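What follows is each chain in one-letter form.
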Amino acid sequence: MSQIISLAMVSPGKTVQVVGVRFGWGLQKKLADMGLTPGVTVRVLNNQIAGPVIIDLRGSRLALGRGMTQRVLVKEL
Amino acid sequence: MTNGITVALAGNPNSGKTTVFNNLTGSHQHVGNWPGVTVEKKEGICGYKGYHIRVVDLPGVYGLTAYSPDEVIARDFIVDEKPDAVVDIVDGSNLERNLYLTVQLLEMGARVIVALNMMDEVNARNLRVDIEGLSRLLGAPVVPMVASRNEGTEELFDEIVRMAQREVPVRGLVLNYGREVEEEIAKLERLFSQDGQLCRKYSPRWLAVKLLEGDEDIVSKFNEVGVG
(Lines give C-alpha, C1' and ligand atoms only; values in the text may rest on other atoms or scores of the structure.)
Protein backbone atom coordinates (compact mmCIF):
# COMPACT_ATOMS: atom_id res chain seq x y z
CA MET A 1 0.00 0.00 0.00
CA SER A 2 1.73 3.16 -1.15
CA GLN A 3 2.14 6.19 1.02
CA ILE A 4 0.24 9.40 0.61
CA ILE A 5 2.55 12.38 0.50
CA SER A 6 2.41 15.96 -0.65
CA LEU A 7 3.23 16.80 -4.24
CA ALA A 8 6.00 19.05 -2.94
CA MET A 9 7.94 15.96 -1.89
CA VAL A 10 7.88 14.15 -5.22
CA SER A 11 11.15 13.88 -7.16
CA PRO A 12 11.42 14.83 -10.81
CA GLY A 13 10.67 11.97 -13.16
CA LYS A 14 8.20 10.32 -10.80
CA THR A 15 4.59 9.76 -11.73
CA VAL A 16 1.93 10.05 -9.03
CA GLN A 17 -1.80 9.93 -8.67
CA VAL A 18 -3.67 12.83 -7.11
CA VAL A 19 -5.64 11.90 -4.01
CA GLY A 20 -6.95 15.26 -2.88
CA VAL A 21 -6.30 18.84 -1.93
CA ARG A 22 -6.06 19.95 1.69
CA PHE A 23 -7.48 23.12 3.20
CA GLY A 24 -9.59 25.27 1.08
CA TRP A 25 -12.42 24.98 -1.34
CA GLY A 26 -10.96 27.85 -3.35
CA LEU A 27 -7.67 26.12 -4.11
CA GLN A 28 -9.39 22.85 -4.86
CA LYS A 29 -11.61 24.54 -7.44
CA LYS A 30 -8.79 26.54 -8.97
CA LEU A 31 -6.67 23.45 -9.45
CA ALA A 32 -9.64 21.46 -10.72
CA ASP A 33 -10.27 24.14 -13.34
CA MET A 34 -6.77 23.53 -14.61
CA GLY A 35 -7.29 19.78 -14.72
CA LEU A 36 -5.86 18.70 -11.37
CA THR A 37 -8.66 16.51 -10.02
CA PRO A 38 -8.69 13.50 -7.69
CA GLY A 39 -7.62 10.37 -9.54
CA VAL A 40 -5.65 12.08 -12.27
CA THR A 41 -2.11 10.97 -13.02
CA VAL A 42 0.62 13.57 -12.94
CA ARG A 43 4.33 13.41 -13.75
CA VAL A 44 6.72 15.74 -11.95
CA LEU A 45 9.11 17.40 -14.38
CA ASN A 46 10.97 19.77 -12.15
CA ASN A 47 11.19 20.08 -8.39
CA GLN A 48 13.99 21.96 -6.72
CA ILE A 49 14.44 23.09 -3.14
CA ALA A 50 12.72 26.38 -3.74
CA GLY A 51 10.53 27.74 -6.46
CA PRO A 52 7.65 26.31 -8.43
CA VAL A 53 7.10 22.64 -9.12
CA ILE A 54 6.53 21.87 -12.78
CA ILE A 55 4.25 18.99 -13.67
CA ASP A 56 2.96 17.27 -16.76
CA LEU A 57 -0.80 17.16 -16.45
CA ARG A 58 -3.19 15.88 -19.12
CA GLY A 59 -0.78 16.78 -21.88
CA SER A 60 0.16 20.24 -20.70
CA ARG A 61 2.81 21.61 -18.39
CA LEU A 62 1.78 23.43 -15.27
CA ALA A 63 3.90 25.36 -12.77
CA LEU A 64 2.57 25.26 -9.22
CA GLY A 65 3.78 27.40 -6.37
CA ARG A 66 5.45 25.50 -3.57
CA GLY A 67 2.76 26.41 -1.05
CA MET A 68 0.11 24.96 -3.33
CA THR A 69 2.05 21.77 -3.91
CA GLN A 70 2.34 21.23 -0.17
CA ARG A 71 -1.44 21.05 -0.07
CA VAL A 72 -1.86 18.60 -2.93
CA LEU A 73 -1.90 15.00 -1.67
CA VAL A 74 -0.65 12.28 -4.00
CA LYS A 75 0.06 8.58 -4.03
CA GLU A 76 3.18 7.17 -5.65
CA LEU A 77 2.57 4.76 -8.50
CA MET B 1 -27.34 48.41 -35.91
CA THR B 2 -27.38 46.02 -38.83
CA ASN B 3 -23.80 46.72 -39.82
CA GLY B 4 -22.30 46.79 -36.36
CA ILE B 5 -21.03 43.59 -34.83
CA THR B 6 -19.55 43.10 -31.37
CA VAL B 7 -17.26 40.13 -30.88
CA ALA B 8 -15.76 38.98 -27.59
CA LEU B 9 -12.57 36.93 -27.54
CA ALA B 10 -12.34 34.34 -24.81
CA GLY B 11 -9.89 31.56 -24.06
CA ASN B 12 -7.26 30.18 -21.72
CA PRO B 13 -4.12 32.20 -21.06
CA ASN B 14 -1.48 31.29 -23.67
CA SER B 15 -4.00 30.03 -26.20
CA GLY B 16 -3.05 32.70 -28.74
CA LYS B 17 -5.86 35.08 -27.88
CA THR B 18 -3.72 38.19 -28.20
CA THR B 19 -2.38 37.02 -31.54
CA VAL B 20 -5.90 36.49 -32.86
CA PHE B 21 -6.88 39.89 -31.48
CA ASN B 22 -3.97 41.49 -33.34
CA ASN B 23 -4.79 39.63 -36.55
CA LEU B 24 -8.36 40.86 -36.41
CA THR B 25 -7.76 44.47 -35.42
CA GLY B 26 -4.30 45.39 -36.70
CA SER B 27 -3.21 48.61 -35.10
CA HIS B 28 -6.72 49.84 -34.37
CA GLN B 29 -6.61 48.97 -30.70
CA HIS B 30 -7.24 50.72 -27.47
CA VAL B 31 -6.12 49.60 -24.03
CA GLY B 32 -7.84 50.63 -20.82
CA ASN B 33 -9.15 49.05 -17.64
CA TRP B 34 -12.33 47.27 -16.81
CA PRO B 35 -14.26 49.58 -14.50
CA GLY B 36 -13.31 49.37 -10.86
CA VAL B 37 -10.43 46.90 -11.25
CA THR B 38 -6.90 46.81 -12.49
CA VAL B 39 -7.62 44.17 -15.09
CA GLU B 40 -6.60 45.42 -18.51
CA LYS B 41 -9.33 45.81 -21.15
CA LYS B 42 -8.43 45.71 -24.81
CA GLU B 43 -10.77 46.76 -27.57
CA GLY B 44 -10.24 47.16 -31.24
CA ILE B 45 -12.19 47.79 -34.40
CA CYS B 46 -12.01 46.48 -37.90
CA GLY B 47 -14.05 46.31 -41.05
CA TYR B 48 -14.94 43.22 -43.04
CA LYS B 49 -17.22 43.00 -46.10
CA GLY B 50 -19.06 46.14 -45.14
CA TYR B 51 -19.43 45.24 -41.45
CA HIS B 52 -18.08 47.39 -38.68
CA ILE B 53 -16.70 45.01 -36.09
CA ARG B 54 -15.83 45.85 -32.51
CA VAL B 55 -13.55 43.26 -30.90
CA VAL B 56 -13.28 43.03 -27.13
CA ASP B 57 -10.49 40.95 -25.66
CA LEU B 58 -11.72 39.31 -22.47
CA PRO B 59 -9.21 38.31 -19.76
CA GLY B 60 -7.66 34.87 -20.25
CA VAL B 61 -9.40 32.43 -17.93
CA TYR B 62 -9.52 28.70 -17.29
CA GLY B 63 -13.18 28.65 -16.36
CA LEU B 64 -16.13 30.87 -15.62
CA THR B 65 -16.78 30.18 -11.98
CA ALA B 66 -16.43 33.37 -10.14
CA TYR B 67 -13.38 33.24 -8.10
CA SER B 68 -11.26 35.92 -9.52
CA PRO B 69 -12.13 39.32 -11.00
CA ASP B 70 -10.98 38.02 -14.39
CA GLU B 71 -13.62 35.33 -14.49
CA VAL B 72 -16.39 37.60 -13.26
CA ILE B 73 -15.47 40.19 -15.90
CA ALA B 74 -15.47 37.63 -18.69
CA ARG B 75 -18.75 36.19 -17.58
CA ASP B 76 -20.52 39.49 -16.92
CA PHE B 77 -19.52 40.92 -20.28
CA ILE B 78 -21.12 38.01 -22.07
CA VAL B 79 -24.30 38.11 -20.00
CA ASP B 80 -24.75 41.89 -19.89
CA GLU B 81 -23.59 42.93 -23.33
CA LYS B 82 -24.66 39.83 -25.23
CA PRO B 83 -22.00 40.04 -27.94
CA ASP B 84 -23.04 38.88 -31.41
CA ALA B 85 -20.31 36.27 -31.27
CA VAL B 86 -17.95 34.88 -28.67
CA VAL B 87 -14.80 33.47 -30.22
CA ASP B 88 -13.32 30.89 -27.89
CA ILE B 89 -9.67 30.49 -28.75
CA VAL B 90 -8.61 26.95 -28.00
CA ASP B 91 -5.08 25.58 -28.01
CA GLY B 92 -5.56 22.56 -30.25
CA SER B 93 -2.57 20.76 -28.76
CA ASN B 94 -4.11 20.96 -25.31
CA LEU B 95 -7.73 20.22 -26.05
CA GLU B 96 -8.81 18.56 -22.84
CA ARG B 97 -8.01 21.49 -20.63
CA ASN B 98 -9.10 24.15 -23.10
CA LEU B 99 -12.49 22.59 -23.76
CA TYR B 100 -13.41 23.00 -20.10
CA LEU B 101 -13.97 26.72 -20.70
CA THR B 102 -15.65 26.04 -24.04
CA VAL B 103 -18.25 23.90 -22.38
CA GLN B 104 -18.94 26.56 -19.77
CA LEU B 105 -19.44 29.17 -22.47
CA LEU B 106 -21.77 26.85 -24.35
CA GLU B 107 -23.76 26.05 -21.21
CA MET B 108 -24.31 29.77 -20.74
CA GLY B 109 -25.91 29.90 -24.14
CA ALA B 110 -23.23 32.21 -25.54
CA ARG B 111 -22.94 32.48 -29.33
CA VAL B 112 -19.70 30.53 -29.47
CA ILE B 113 -17.34 30.03 -32.37
CA VAL B 114 -14.42 27.78 -31.51
CA ALA B 115 -11.14 28.98 -32.98
CA LEU B 116 -8.97 25.88 -32.93
CA ASN B 117 -5.57 27.50 -32.79
CA MET B 118 -2.02 26.18 -32.90
CA MET B 119 -2.86 23.64 -35.56
CA ASP B 120 0.82 23.71 -36.55
CA GLU B 121 1.68 22.29 -33.15
CA VAL B 122 -1.05 19.66 -33.56
CA ASN B 123 0.46 18.59 -36.88
CA ALA B 124 3.99 18.67 -35.51
CA ARG B 125 2.95 16.23 -32.81
CA ASN B 126 1.34 13.98 -35.43
CA LEU B 127 -2.07 14.47 -33.92
CA ARG B 128 -5.30 14.94 -35.80
CA VAL B 129 -8.50 16.62 -34.70
CA ASP B 130 -11.85 15.52 -36.06
CA ILE B 131 -13.07 19.05 -36.67
CA GLU B 132 -16.49 18.09 -37.95
CA GLY B 133 -17.05 15.68 -35.11
CA LEU B 134 -16.00 18.27 -32.57
CA SER B 135 -18.27 20.85 -34.12
CA ARG B 136 -21.18 18.44 -34.09
CA LEU B 137 -20.69 17.44 -30.45
CA LEU B 138 -20.32 21.01 -29.27
CA GLY B 139 -23.07 22.38 -31.48
CA ALA B 140 -20.78 25.22 -32.55
CA PRO B 141 -18.67 26.09 -35.61
CA VAL B 142 -14.98 25.19 -35.33
CA VAL B 143 -12.37 27.15 -37.30
CA PRO B 144 -8.87 25.68 -37.49
CA MET B 145 -6.18 28.35 -37.28
CA VAL B 146 -2.51 29.07 -36.97
CA ALA B 147 -2.80 32.57 -35.59
CA SER B 148 0.96 33.06 -35.41
CA ARG B 149 1.00 32.76 -39.22
CA ASN B 150 -2.25 34.67 -39.64
CA GLU B 151 -3.88 31.56 -41.09
CA GLY B 152 -7.60 31.05 -40.65
CA THR B 153 -8.32 34.72 -39.99
CA GLU B 154 -10.53 35.19 -43.01
CA GLU B 155 -12.47 32.02 -42.25
CA LEU B 156 -12.93 33.28 -38.71
CA PHE B 157 -14.27 36.60 -39.99
CA ASP B 158 -16.75 34.69 -42.16
CA GLU B 159 -17.99 32.68 -39.19
CA ILE B 160 -18.30 35.83 -37.10
CA VAL B 161 -20.49 37.46 -39.72
CA ARG B 162 -22.52 34.26 -40.09
CA MET B 163 -23.08 34.05 -36.31
CA ALA B 164 -24.02 37.72 -36.08
CA GLN B 165 -26.61 37.33 -38.82
CA ARG B 166 -28.06 34.20 -37.28
CA GLU B 167 -31.73 34.62 -36.48
CA VAL B 168 -32.33 31.40 -34.59
CA PRO B 169 -31.30 31.86 -30.96
CA VAL B 170 -28.41 29.73 -29.73
CA ARG B 171 -29.51 27.01 -27.33
CA GLY B 172 -27.44 26.36 -24.22
CA LEU B 173 -25.48 23.12 -24.31
CA VAL B 174 -26.94 20.46 -22.08
CA LEU B 175 -24.47 17.96 -20.67
CA ASN B 176 -25.91 15.08 -18.70
CA TYR B 177 -24.23 15.09 -15.30
CA GLY B 178 -25.66 11.79 -14.18
CA ARG B 179 -28.91 10.95 -12.48
CA GLU B 180 -28.25 12.34 -8.99
CA VAL B 181 -27.00 15.69 -10.14
CA GLU B 182 -29.68 15.99 -12.83
CA GLU B 183 -32.37 15.40 -10.19
CA GLU B 184 -31.06 18.27 -8.12
CA ILE B 185 -30.81 20.48 -11.18
CA ALA B 186 -34.43 19.74 -12.04
CA LYS B 187 -35.54 20.63 -8.50
CA LEU B 188 -33.72 23.95 -8.66
CA GLU B 189 -35.06 24.73 -12.12
CA ARG B 190 -38.60 24.25 -10.82
CA LEU B 191 -37.93 26.72 -8.00
CA PHE B 192 -36.48 29.27 -10.40
CA SER B 193 -39.51 29.26 -12.61
CA GLN B 194 -41.19 31.05 -9.72
CA ASP B 195 -38.65 33.86 -9.73
CA GLY B 196 -38.90 36.18 -12.69
CA GLN B 197 -35.86 38.38 -12.27
CA LEU B 198 -32.75 36.26 -12.54
CA CYS B 199 -34.24 33.91 -15.06
CA ARG B 200 -34.64 36.68 -17.55
CA LYS B 201 -30.89 37.16 -17.69
CA TYR B 202 -29.57 33.65 -17.23
CA SER B 203 -30.83 30.26 -18.30
CA PRO B 204 -32.44 28.38 -15.36
CA ARG B 205 -30.31 25.33 -16.00
CA TRP B 206 -27.09 27.33 -15.93
CA LEU B 207 -28.15 29.00 -12.67
CA ALA B 208 -28.88 25.60 -11.16
CA VAL B 209 -25.48 24.22 -12.17
CA LYS B 210 -23.68 27.26 -10.80
CA LEU B 211 -25.54 27.07 -7.49
CA LEU B 212 -24.62 23.42 -7.13
CA GLU B 213 -20.99 24.38 -7.74
CA GLY B 214 -21.26 26.91 -4.95
CA ASP B 215 -20.48 29.80 -7.24
CA GLU B 216 -20.15 32.82 -4.95
CA ASP B 217 -21.26 35.38 -7.45
CA ILE B 218 -24.48 33.55 -8.26
CA VAL B 219 -25.15 32.74 -4.62
CA SER B 220 -24.89 36.41 -3.72
CA LYS B 221 -27.15 37.39 -6.59
CA PHE B 222 -29.76 35.02 -5.22
CA ASN B 223 -29.37 36.51 -1.76
CA GLU B 224 -29.93 39.97 -3.19
CA VAL B 225 -33.13 38.89 -4.87
CA GLY B 226 -34.27 37.20 -1.68
CA VAL B 227 -34.92 33.70 -2.95
CA GLY B 228 -34.48 31.13 -0.18
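Calculation criteria
- Residues numbered from 1 in each chain as written.
- Chains lettered and ligands numbered in written order.
- Predicted model: local features only at pLDDT ≥ 70, side-chain atom pairs only at ≥ 80, totals over all residues.
- Heavy atoms only, no water.
- Phe/Tyr/Trp six-rings, centres within 6.5 Å; stacked < 30°, edge-to-face > 60°.
- Helix = DSSP H or I, 4+ residues; strand = E, 2+ residues; numbered from the N terminus.
- Buried < 20%, exposed > 50% of the residue type's maximum accessible area, 1.4 Å probe, protein only.
- Lys NZ or Arg CZ within 6 Å of the ring centre and 35° of its normal.
- Contact = heavy atoms within 4.5 Å.
- Buried area = accessible area lost by both parts, 1.4 Å probe.
- Salt bridge = Lys/Arg side-chain N within 4 Å of Asp/Glu carboxyl O.
- Polar contact = N/O pair within 3.5 Å; in protein donor to acceptor, adjacent residues only side chain to side chain.
- Nonpolar A, V, L, I, M, F, W, Y, C, P; charged D, E, K, R; others polar.
- Pairing = 2+ DSSP bridges.

Undergrad: Can you help me understand the packing of aromatic side chains in this one?
TA: The description of an aromatic ring pair rests on the distance of the ring centres and on the angle between the ring planes. Residues and elements named next belong to chain B. Across all of its chains, the model carries two aromatic pairs over all chains by this definition. On the basis of an interplanar angle of 80 degrees and a centroid distance of 5.7 Å, the ring pair of Trp34 and Phe77 is categorised as edge-to-face. Taken as a pair, Trp34 in the loop between β2 (29-33) and β3 (40-48) and Phe77 in helix α2 (residues 69-81) lie far apart in primary sequence, 43 residues in all. The exposure class of Trp34 is buried, given its relative accessible area of 7%. An angle of 10 degrees between the planes, with centres 4.6 Å apart, marks the rings of Tyr48 and Phe157 as stacked. Of this pair, Tyr48 sits in strand β3 while Phe157 is found in helix α6 (residues 153-165), placing the two residues 109 residues apart along the sequence. Phe157 shares its class with Tyr48; the two are buried. Here Lys41 stacks its cationic end above the ring of Trp34, 4.4 Å away from the centre of that ring.

Undergrad: Explain the interface of chain B and chain A here, please?
TA: On the chain A side, the residues contacting the 11 residues of chain B number 10 residues. Note on chain B versus chain A: buried area summed over both sides is about 970 Å², and carbon and sulfur give 45% of it. Inspection of the chain B/chain A interface yields two salt bridges. For the salt bridge of Lys29(A) with Glu213(B), the shortest nitrogen-to-oxygen distance reads 3.8 Å. For the pair chain B and chain A, the number of links is five residue pairs in polar contact (both at pLDDT 80 or more). Here the side of chain B that touches chain A gets three residues from one element, more than from any other, and that element is helix α3 (residues 95-107) of chain B. A class-by-class count of the residues in the side of chain B that touches chain A yields three nonpolar, three polar and five charged.

Undergrad: What am I meant to see in the pairing of strand β1 (residues 4-11) of chain B here?
TA: Across a regular strand the side chains alternate sides, sitting on one face of the sheet and then on the other. All names here are of chain B. Counting buried positions along β1 yields seven of eight residues, so the element is predominantly enclosed. When β1 meets strand β4 (residues 51-57), the two strands line up parallel, connected through six bridges. The residue bridging Thr6 from the neighbouring strand is Arg54, located in β4. Two strands pair when backbone bridges link them, and β1 and strand β5 (residues 85-91) are joined in this way by five bridges, in the parallel orientation. Bridge assignment links Leu9 to a residue of β5, and that residue is Val87.

Just geometry here; none of it tells us what the structure is for.
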